[in-house]
Amino acid sequence: MKNHEACRHTEGNEGAPKRCVSIVPIFNHLQDDEMEEVAKATHAVSLKKGELLHRAGDTSDSLYIVHQGKVKVYRLSENGREQLIRILQPGDFTGELALFKESIHDGYAEALEKTEICSIRRGDLHELLQRYPNISWKILREFSDRLDQAESQVTRLATEDAETRIGLYLAQQAEEHRSMEYRLPMSRKDLASFLGTTPETISRKLAKFEDAGWIEQSDQRRIRILDLDALRLV
């Protein structure tokens, strides 16, 4: 499905762009009248669960911001194996390479649930960046954070075993949620792809952590951390 196919689902959502702009970190420092101007350049896109925002080979000419829902960004290896890159939550964005030049997407972006997207075309975005340079700094900061995360992920895949990666991921989620009880942001299949292992290994290690008294599982996604230090040192 090409980008324009996803954009067909835009009816009846006129107020979404302004609401979307107000929650996005790269825009929420703007004044109300400035946000209104950004919203005018923004197009609402609605996706059903499982629908693709873009696929590998599509032209990358827009910035996409998640307003509601979740989107997973992934690539496919030559043998068809899925490699999860990141999960986008409300306020996150993708397609940022469109800022610099028209290019081709090298991966896929798929809605994990009913999702509302704000889309800004490259030309409109360039005009906004010229008027409001602080937006550029916000985007560059996000680039820096993503680079750090990518480097950490590559290092972990190369140097740590699956049990350590899973333990550290659970500990990191507790820190990000600021709670010892949370819901995993992705399925076990997607988590296995993200951590470079298999769903069976994920289930086996979580059961081992539970037997050790480090975590409790109330369902496939709900986790309660009982011993955070043990997960960090596994």
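About the criteria used
Every residue gets a number counted from 1 within its own chain, in the order that chain's sequence is written. With pLDDT at 70 or above as the cut-off, local features in this predicted model cover only qualifying residues; side-chain atom pairs require 80 or more to be listed or tallied, and sums for whole chains, interfaces and linings still use all residues. The side-chain values count all of the structure's non-hydrogen atoms but skip hydrogen atoms and water molecules. UniProt positions are given in the numbering used here, feature names are shortened, and annotations may be inferred rather than shown by experiment. Here a helix means four or more residues in a row that DSSP labels H or I, a strand means two or more in a row labelled E, and each is numbered from the N terminus. For this analysis, a nonpolar core means a set of buried residues of the types Ala, Val, Leu, Ile, Met, Phe, Trp, Tyr and Cys, connected via side-chain atoms within 4.5 Å. Relative accessibility thresholds used throughout: buried, under 20% of the residue-type maximum; exposed, over 50%; partly exposed, between the two (1.4 Å probe, protein chains only). Note on contacts: a residue pair is in contact if any heavy atoms of the two residues lie within 4.5 Å. A helix is expected to reach a length of 1.5 Å times the quantity of its residues less one. The directions from the helix axis to the C-beta atoms form the arc being described. Stacked, edge-to-face and tilted are the three classes for Phe, Tyr and Trp ring pairs, Trp counted by its six-membered ring, which pair at centre distances within 6.5 Å; planes under 30 degrees apart are stacked, over 60 edge-to-face, the rest tilted. In our convention, an over-ring charge means Lys NZ or Arg CZ found within 6 Å of a ring centre and within 35 degrees of that ring's normal. A pairing counts as a salt bridge when a side-chain nitrogen of Lys or Arg comes within 4 Å of a carboxyl oxygen of Asp or Glu.

## Brief notes about the UniProt feature "domain: HTH crp-type" (unreviewed entry) in the protein
Mapped onto this numbering, the UniProt entry gives "domain: HTH crp-type" (unreviewed entry) at residues 160-229. The distance from the first to the last C-alpha atom of residues 160-229 is 17 Å, and the span holds 56% helix and 14% strand.

## Considering the nonpolar core
Residues Tyr169, Leu170, Ile215 and Ile225 are the most contacted members of the largest nonpolar core, which totals 25 residues. Among the elements of the structure, β6 (82-88), α6 (162-177), α7 (188-195), α8 (199-211), β13 (222-225) and α9 (228-233) are those that each provide at least two residues to this core. Per element, the largest residue contribution to this core is 5 residues, and it comes from α6. Excluding its chain neighbours within four sequence positions, the residues that come into contact with Tyr169 are Leu184, Pro185, Met186, Leu191, Phe194 and Leu195. Ala41, Cys118, Leu125 and Ile135 belong to the second largest nonpolar core, which has 22 residues in total.

## Re α8
With 13 residues, α8 extends 18 Å from end C-alpha to end C-alpha; this agrees with the ideal 18 Å at 1.5 Å per step. Residues of α8 that are buried include every one of Thr201, Ile202, Lys205, Leu206 and Phe209, and no others. Down the axis of α8, the buried side of the element spans an arc of 130 degrees, and every buried residue falls inside it. Facing away from the buried side of α8 by over 90 degrees, the exposed positions are Glu200 and Asp211. Tucked into the core, α8 has its buried residues touching α6, α7, β12 (215-217) and α9. Trailing α8 by a residue or two, Gly213 shows a phi angle of about 85 degrees, which is positive.

## So, the packing of aromatic side chains
Scanning the entire structure with this criterion turns up 3 aromatic pairs. On the basis of an interplanar angle of 65 degrees and a centroid distance of 6.1 Å, the ring pair of Tyr169 and Phe194 is categorised as edge-to-face. Placement of the pair is Tyr169 in helix α6 and Phe194 in helix α7, with a sequence separation of 25 residues. Accessibility classification places Tyr169 together with Phe194 in one group, the buried group. Taking the centre distance of 5.4 Å and the plane angle of 35 degrees together, the rings of Phe209 and Trp214 count as tilted. One Lys or Arg, Lys72, reaches over the ring of Tyr74 and ends 5.2 Å from the middle of that ring.

## Points about the pattern of salt bridges
All told, the structure shown has 9 salt bridges when counted by the stated rule. Salt-bridge contacts for Glu37 lead to Arg131; the nearest nitrogen and oxygen are separated by 1.6 Å. Of this pair, Glu37 sits in helix α3 (residues 32-40) while Arg131 sits in helix α4 (residues 122-131), and the two are 94 residues apart along the sequence. Arg131 sits in the partly exposed class, given a relative accessible area of 48%. For Glu82, the salt bridge goes to Lys72, with nearest N and O atoms at 2.9 Å. Residue Glu82 is located in strand β6, and its partner Lys72 is located in strand β5 (residues 71-76); the two are separated by 10 residues in the primary sequence. The same class applies to Glu82 as to Lys72, namely buried.

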